[in-house]
Amino acid sequence: MDESGLLMAPLRRRSWALRGQPPEQPYKAGRREKVSVAAALWLPPLRDRLHLAYQTLVNGYFTNVEVAEFLRGAVEGLPDPVIALWDCGTMHLGPPIRELVDQARGRLDLEPVPPYSPELIPVEFLWSWLKYSRLNNFAPRDAAQLDERVVAELTAIRGDQALLESFIHASDLPLRLTLLS
């Protein structure tokens, strides 16, 4: 599981234009509008299919309260115990997280990865794909339009097993080759 933020300014990539005459791409600036996204990739015990869950917040950010609610949905919605791999960000610490672990009664195990090691979190590769492949050069008129686009992109790949597997295999998790065959 991981969180990311998307701002209104487009991530500029290559485009068709005459050399020295970059295309103008107006975008809304001034206010710090954004979309925050939390996502989790999960693999059931049968290891037959990867799943993607996500949640967006327009002009908000994920605190430990929102992260605990996101994880609560996983614990309540999945029949098997949940093991969450995540970094040690401040949104993963504090009373709401401890209370959730206590309430889960052994159905939630939190496994932190070492600090500064995004290469161990498969969702980091989802963020790269989303930001640099799907949202590059996209200049939304407002945060609501950005949210719409993010939700559309993430919804579209929920069933794309090859792409979801690529996020797992791109990570440096020691077990990545044995997860899916």
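Details of the structure are given in the entry above.
Structural notes, computed from the coordinates.

Within the span of helix α2 (residues 95-104), buried status applies to P96, I97, L100 and A104. Looking down the long axis of α2, one finds its buried residues gathered within 100° of arc, a one-sided arrangement. Summarising the geometry of α2, the exposed residues directed more than 90 degrees from the buried face are R98 and D102. On its buried face, α2 is in contact with α1 (64-77), β4 (82-86) and β5 (108-112).

Strand order across the open sheet formed by three strands is β1-β2-β3, with antiparallel pairing between neighbours. Every interior strand has two partners, whereas the edge strands, β1 (2-7) and β3 (51-58), have only one. Recorded for the sheet is a direction-independent mean angle of 25° between the axes of neighbouring strands. Contacts between α1 and the sheet are confined to β1, β2 (34-42) and β3, with β3 contributing the most and set at about 150° to the helix. Set on the sheet, helix α3 (residues 122-134) makes contact with β1, β2 and β3; between it and β1 the angle comes to about 15°.

Per the stated rule, a full pass over the model turns up one aromatic pair. Lying over the aromatic face of F138, R149 brings its terminal NZ or CZ to 4.6 Å of the ring centre.

The next subject is the nonpolar core. Judged by nonpolar contacts, the single largest core of 28 residues is most densely connected at L52, L126, L146, V150, L154, I157 and F167. Among the secondary structure elements, those contributing two or more residues to this core are β2, β3, α3, α4 (143-156) and α5 (161-170). Of the residues forming this core, the biggest block, five residues, is contributed by α3. Residues A40, A53, F70 and I97 belong to the second largest nonpolar core, which totals 17 residues.

Here the focus is the packing of α3 against α4. Between α3 and α4, the shortest axis-to-axis distance is 12 Å and the interhelical angle comes to 120°. For the element pair α3 / α4, the angle class is oblique. With respect to the hand of their crossing, α3 and α4 are arranged in right-handed fashion. Counted together, L126, W129, L130 and R134 of α3 and R149, V150, E153 and L154 of α4 form the full contact between these two elements. Residues belonging to the contact of α3 with α4 are distributed by class as follows: five nonpolar, no polar and three charged.

This part takes up the environment of R141. Among the secondary structure elements, R141 is positioned in the loop between α3 and α4. When its relative accessible area of 56% is taken as the criterion, R141 is described as exposed. Sequence separation between R141 and M8 is 133 residues, and the spatial gap between their C-alpha atoms is 8.1 Å.

Attention now goes to the packing of α1 against α2. Look at α1 against α2: their axes get within 8 Å of each other, and the N-to-C directions meet at 20°. Between α1 and α2, the angle is such that the two are roughly parallel. Considering only the axes of α1 and α2, their crossing is right-handed. Of the residues in α2, those touching α1 at N64, V65, V67, A68, L71, R72 and V75 are P96, I97, L100, Q103 and A104. Counted by class, the contact of α1 with α2 contains nine nonpolar, two polar and one charged residues.

Calculation rules
- Residues numbered from 1 in each chain as written.
- Predicted model: local features only at pLDDT ≥ 70, side-chain atom pairs only at ≥ 80, totals over all residues.
- Heavy atoms only, no water.
- Buried < 20%, exposed > 50% of the residue type's maximum accessible area, 1.4 Å probe, protein only.
- Helix = DSSP H or I, 4+ residues; strand = E, 2+ residues; numbered from the N terminus.
- Arc of directions from axis to C-beta.
- Contact = heavy atoms within 4.5 Å.
- Pairing = 2+ DSSP bridges.
- Axes fitted to C-alpha atoms, helices over the stretch in contact; angles between N-to-C directions.
- Phe/Tyr/Trp six-rings, centres within 6.5 Å; stacked < 30°, edge-to-face > 60°.
- Lys NZ or Arg CZ within 6 Å of the ring centre and 35° of its normal.
- Core = buried A, V, L, I, M, F, W, Y, C linked by side-chain atoms within 4.5 Å.
- Parallel < 35°, antiparallel > 145°, perpendicular 65-115°, else oblique.
- Left-handed = near helix turned anticlockwise from the far one by under 90°.
- Nonpolar A, V, L, I, M, F, W, Y, C, P; charged D, E, K, R; others polar.

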